[in-house]
Amino acid sequence: MDDKSHEQLGAGLIIIRRAGEATAIEGELNEASAAEFEQMLSSAHEATKDVVKLDLSRLDIEGGVAIAAAVNAIRALAACSKRVIISGAPQMLGHNLYRIGMLEGAIEFVDIRLDEPLGE
């Protein structure tokens, strides 16, 4: 039997928690869902303070407010966890975390997604 739970956030984000695996976050992170996203990630470390695994392969981030929310939430998560492993992150998220020097230490990326070029 598959031990997982789904949680629908009000602004179109879906959180899928799988026992022993990564927490998957799906949907569109935007200004309307930013606060819920930050709150959800802050509760992710409550399950384990050792290693937190996030699967963002089906998450789209739209706009500056959403990027800032994602960066702040991951910063807070890394501060209270030994390691945060993020798979399938959008390229813009990886770029912003790199730019502010957060990829040294507790955060590990696996398979960053490449954004599609505009106008092609």
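These figures come from a predicted structure and were not determined experimentally. (Residues numbered from 1 in each chain as written. Predicted model: local features only at pLDDT ≥ 70, side-chain atom pairs only at ≥ 80, totals over all residues. Heavy atoms only, no water.)

**Brief notes about the confidence of the model for the protein chain**
Now for step 1: Looking at the protein chain, pLDDT values average 79 and 75% of them are 70 or higher.
Now for step 2: Model confidence for the protein chain, summarised as mean pLDDT per element, is weakest for strand E1 (residues 4–8) at 55 and strongest for strand E6 (residues 83–87) at 91. (pLDDT = per-residue confidence, 0-100. Helix = DSSP H or I, 4+ residues; strand = E, 2+ residues; numbered from the N terminus.)

**Observations regarding the pairing of E6**
Now for step 1: With five bridges joining them, strand E4 (residues 51–55) and E6 adopt parallel strand pairing. Bridging across to E6, valine 52 finds its partner in valine 84.
Now for step 2: Sheet topology places E6 next to strand E7 (residues 107–110); four bridges connect them, and they run parallel. Paired with isoleucine 86 across the two strands is phenylalanine 109, which belongs to E7.
Now for step 3: After leaving E6, the chain enters helix H3 (residues 91–99) and then returns to the sheet as E7, a path that is right-handed. (Pairing = 2+ DSSP bridges. Right-handed = clockwise from strand over helix to strand, strands pointing away.)

**Here we look at the pattern of salt bridges**
Now for step 1: One pass over the full model with this rule turns up three salt bridges.
Now for step 2: A salt bridge links arginine 113 to aspartate 60; its shortest N-O distance comes to 3.5 Å. Here arginine 113, found in the segment after E7, pairs with aspartate 60, found in strand E5 (residues 59–61); they are 53 residues apart in sequence, far enough to count as distant.
Now for step 3: A salt bridge links glutamate 108 to arginine 83, with the shortest nitrogen-to-oxygen separation between them at 3.0 Å. Separated by 25 residues along the polypeptide, glutamate 108 in strand E7 and arginine 83 in strand E6 bring together distant segments of the chain.
Now for step 4: Arginine 83 gets classed as partly exposed once you look at its relative accessible area, which sits at 32%. (Salt bridge = Lys/Arg side-chain N within 4 Å of Asp/Glu carboxyl O. Buried < 20%, exposed > 50% of the residue type's maximum accessible area, 1.4 Å probe, protein only.)

**Description of H3**
Now for step 1: For H3, every residue scored as buried is listed here: Leu93, Gly94, Asn96 and Leu97. Viewed along the axis of H3, the buried residues span an arc of 165 degrees, placing them on a single side of the element. Among the exposed residues of H3, those oriented more than 90 degrees off its buried face are Tyr98 and Arg99.
Now for step 2: Buried residues along H3 sit against E5, helix H2 (64–79) and E7.
Now for step 3: Looking at the residues trailing H3, positive phi occurs at glycine 101, about 75 degrees. (Arc of directions from axis to C-beta. Contact = heavy atoms within 4.5 Å.)

**Some words on unusual backbone geometry**
Now for step 1: We note that aspartate 111 has phi near 55 degrees; this positive angle belongs to a residue other than glycine.
Now for step 2: Counting through the fold element by element, aspartate 111 comes out in the segment after E7.

**A closer look at the pairing of E4**
Now for step 1: Residues of E4 alternate between two faces, with Val52 and Leu54 buried on one and Val51, Lys53 and Asp55 left unburied on the opposite face.
Now for step 2: Pairing of strand E3 (residues 23–29) with E4, which is carried by two bridges, proceeds in the parallel orientation. The residue bridging threonine 23 from the neighbouring strand is leucine 54, located in E4.

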